[in-house]
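Survey of secondary and tertiary structure
Take a look at the letters that make up each chain.
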Amino acid sequence: QVQLVESGGGSLQPGGSLRLSCAASGSIFVRNPMGWYRQAPEKQRELVASIISGTSNYAESVKGRFTISTDIAKNTVYLQMNSLKFEDTAVYYCNALVPALRVGWGQGTQVTVSQ
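Residues numbered from 1 in each chain as written. Predicted model: local features only at pLDDT ≥ 70, side-chain atom pairs only at ≥ 80, totals over all residues. Heavy atoms only, no water.

What follows is about the sheet that holds strand β3 (residues 18-25). Across a sheet, strands are paired by hydrogen bonds formed along the backbone, either parallel or antiparallel in direction. Taken in spatial order, the four strands make up an open sheet running β1-β3-β8-β7, and their pairing is antiparallel. Strands with a single pairing partner mark the edges of an open sheet, and in this sheet they are β1 (3-7) and β7 (66-71). Within the sheet, the average angular offset between the axes of one strand and its neighbour, ignoring direction, is 15°. Across five bridges, the pairing between β1 and β3 is antiparallel. Bridge assignment links S7 to a residue of β3, and that residue is S21. (Pairing = 2+ DSSP bridges. Helix = DSSP H or I, 4+ residues; strand = E, 2+ residues; numbered from the N terminus. Axes fitted to C-alpha atoms, helices over the stretch in contact; angles between N-to-C directions.)

So this is what it looks like as structure tokens:
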């Protein structure tokens, strides 16, 4: 059974950078179309970045600042986040892009952008 473990979050000031990692165990899960999602307090989870066969797409709110990538050998998905803003504060998760391929959500990793 595939398990997802997100890491790399933290607290930082606006303009800073973080690199999030999502390690999958149990099978080569990240060969699937993958996405990074985030959930801010009192808001629904939203898709911020996706990657399908090496082609990435981004929500308008993060375009030009975030970069998604995968390492198949490590069964890991990354999210490089630059020029962070207050509104990027959320818990970040990864999972398959296609709902039918998704597994149980991991615990997520908290990103807090504040002064």
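One face of the sheet, then the other: side chains in a regular strand alternate in exactly this way. Here β3 runs beside strand β8 (residues 76-81); their pairing, made up of six bridges, is antiparallel. Bridge pairing in β8 places S21 opposite Y78.

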